[in-house]
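# Descriptive analysis of the structure
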Amino acid sequence: MNKKAVSRRELLGASTLVGVTAVGALAAPAVLAQAPTVIKMQTSWPASDIWMDFARQYVERVERMSGGRLKFELMPAGTVVGAFQVLDGVNDGVIDAAHTVPVYWYGKHKAASLFGTGPVFGGSATTMLGWFHQGGGKDLYRELTQDIMGLNLYGFYGFPMPAQPFGWFKNQVATVNDVNGLKYRTVGLAADLMQNMGMSVAQLPGGEIVPAMERGVIDAFEFNNPSSDLRFGSQDVAKNYMLSSYHQASESFEFLFNKDVFDDLPDDLQAILEYGVEAASTANTASAMDNYSSDLRKLQAEHGVTVHRTPKEILDAQLKAWDAIIPTLEADAFMKKVLDSQRQWVERVVYYELMNSADLALAYEHYFPGKLNLGK
């Protein structure tokens, strides 16, 4: 009776399988015993806001890159602390992490606003995120949060936001006189800016804006973008939407982590938390371009909103208001150091950007004639 010959490959494969099985059996209990580290992250956004979707993009990427060793409990504003209190929550260890913007804690130190919504020297949000990573901003942020304020946390920055609209108005505004005396919602140094232009400012979290407009607490407001505005129901309380402004032209998300929680993690998980911000930044940008543009069309076509370009007279007035505010900020030595650093970066980088950039408006008008109304 003939027996089938066993090949060398089959023999090696069988022995390898036995070895792997044995090793796997020995290693399995240790793997199963290692539970994932759960990070309690609260945002500053309502559950329905598109920025919660952006926070989820970060969480999904980090969890996958960590191979399941990190898990997040992602919570909307108000779950543990208020939208404006997440810095305190992370510092005190009440929550492990936060997804927010630095302007929300500018009441603790005005320099916070310089890392998100400071004076506009000509740089875009992309320009200023570059300053944070390559122009000295990261070191200055560490100096502010840890050396000056003594906070027990780390912060990372991602997603260069498109310049924020001037906002929602019951009547179209064409001149500086039209905004004088209005009760207006904004946050951070933008509040100083609008007050300089004659407005009365209320600083409110996103979820409180539309109810305040309905009650007459405010006459006009801005938040950030067409998608958030649509979800908030802004179109139900005003029909004039003014795009383009210098009040918040260079903001990015701030990802805060309690220092003790972060330092307790192995190096590779620390790196995943930090550089996951950069991965989410790309995803957030793509999602923003898609959603912001389509929701702007929806506001116009389905809700009767009239979209305006903010008049040049108002933009010029904003720059002059910044001119008046900057010397008061520079009375603080640290803030002057930050502003000097930003000016040095913008002067060099934006010269290149502007000299090198194509005239996109010219190209757009060439292929889609008659759509743009950029005003004067």
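Now for a description of the structure that goes with this document. The structure displayed is predicted, hence computed values, not measured ones.

Criteria and thresholds
Residue positions within a chain follow its written sequence, with the count starting from 1. In view of the model being predicted, local features appear only for residues whose pLDDT reaches at least 70, and side-chain atom pairs are presented and counted only at 80 or more, with totals across whole chains, interfaces and linings using the full set of residues. The side-chain figures draw on all heavy atoms in the structure; neither hydrogens nor water molecules are used. Only runs of H or I of at least four residues qualify as helices and only runs of E of at least two qualify as strands under DSSP, and these elements are numbered from the N terminus. Only protein chains enter the accessibility calculation, which uses a 1.4 Å probe; a residue whose area is less than 20% of its type maximum is buried, one above 50% is exposed, and one in between is partly exposed. Side-chain atoms alone can form a polar contact between residues adjacent in sequence; in general such a contact is a pair of N or O atoms within 3.5 Å, and within protein one must be able to donate a hydrogen while the other accepts it. Any two residues whose heavy atoms approach within 4.5 Å at even a single point are treated as in contact. Pairs were defined over the aromatic rings of Phe, Tyr and Trp, the Trp ring being its six-membered one, requiring ring centres within 6.5 Å. Orientation was assigned from the angle between planes: stacked under 30 degrees, edge-to-face over 60, tilted for the rest. We call two strands paired when DSSP finds no fewer than two bridges between them. Lines are fitted to the C-alpha atoms to define the axes, a helix being fitted only along its stretch in contact, and any angle between axes, read from their N-to-C directions, falls within 0 to 180 degrees.

Moving on: the side chain of Ser44. For Ser44, the location among the structural elements is in the loop between strand 1 (37-43) and helix 2 (50-65). Judged by its relative accessible area of 2%, Ser44 falls in the buried class. Reaching out from Ser44, the side chain makes a polar contact with the side chain of Thr100 at a distance of 2.9 Å. Discounting residues that sit within four places of it in the chain, Ser44 has contacts with Ala77, Ala83, Val86, His99, Thr100 and Tyr104.

Moving on, we come to the packing of aromatic side chains. In this structure the tally under the stated criterion is 28 aromatic pairs. Between Trp168 and Tyr241, the ring centres sit 4.1 Å apart and the planes meet at 20°, which makes this aromatic pair stacked. Residue Trp168 is located in strand 5 (residues 167-169), and its partner Tyr241 is located in strand 9 (residues 240-243); the two are separated by 73 residues in the primary sequence. An identical accessibility class is assigned to Trp168 and Tyr241; each is buried. Taken together through their ring pairs, the aromatic side chains of Trp45, Trp51, Phe54, Phe84, Tyr104, Phe159, Phe223, Phe232, Phe253 and Tyr292 make up a single cluster.

Right, let's get into the sheet that holds strand 2 (residues 70-75). Spatially, the five strands line up as an open sheet ordered 2-1-3-10-4, and their pairing is mixed. Single-partner strands in this sheet number two, and they are strand 2 and strand 4 (153-160). The mean angle between the axes of side-by-side strands here comes to 25°, regardless of whether they run parallel or antiparallel. Relative to strand 2, strand 1 runs parallel, the two sharing six bridges. What sits directly across from Met41, in strand 2, is Leu74. The sheet strands contacting helix 2 are strand 1, strand 2, strand 3 (97-100), strand 4 and strand 10 (252-258), and the helix crosses strand 2 at an angle near 170°. Docked against the sheet, helix 11 (residues 267-303) engages strand 1, strand 2, strand 4 and strand 10, running at close to 30° with respect to strand 4.

Structural measurements only, silent on function.
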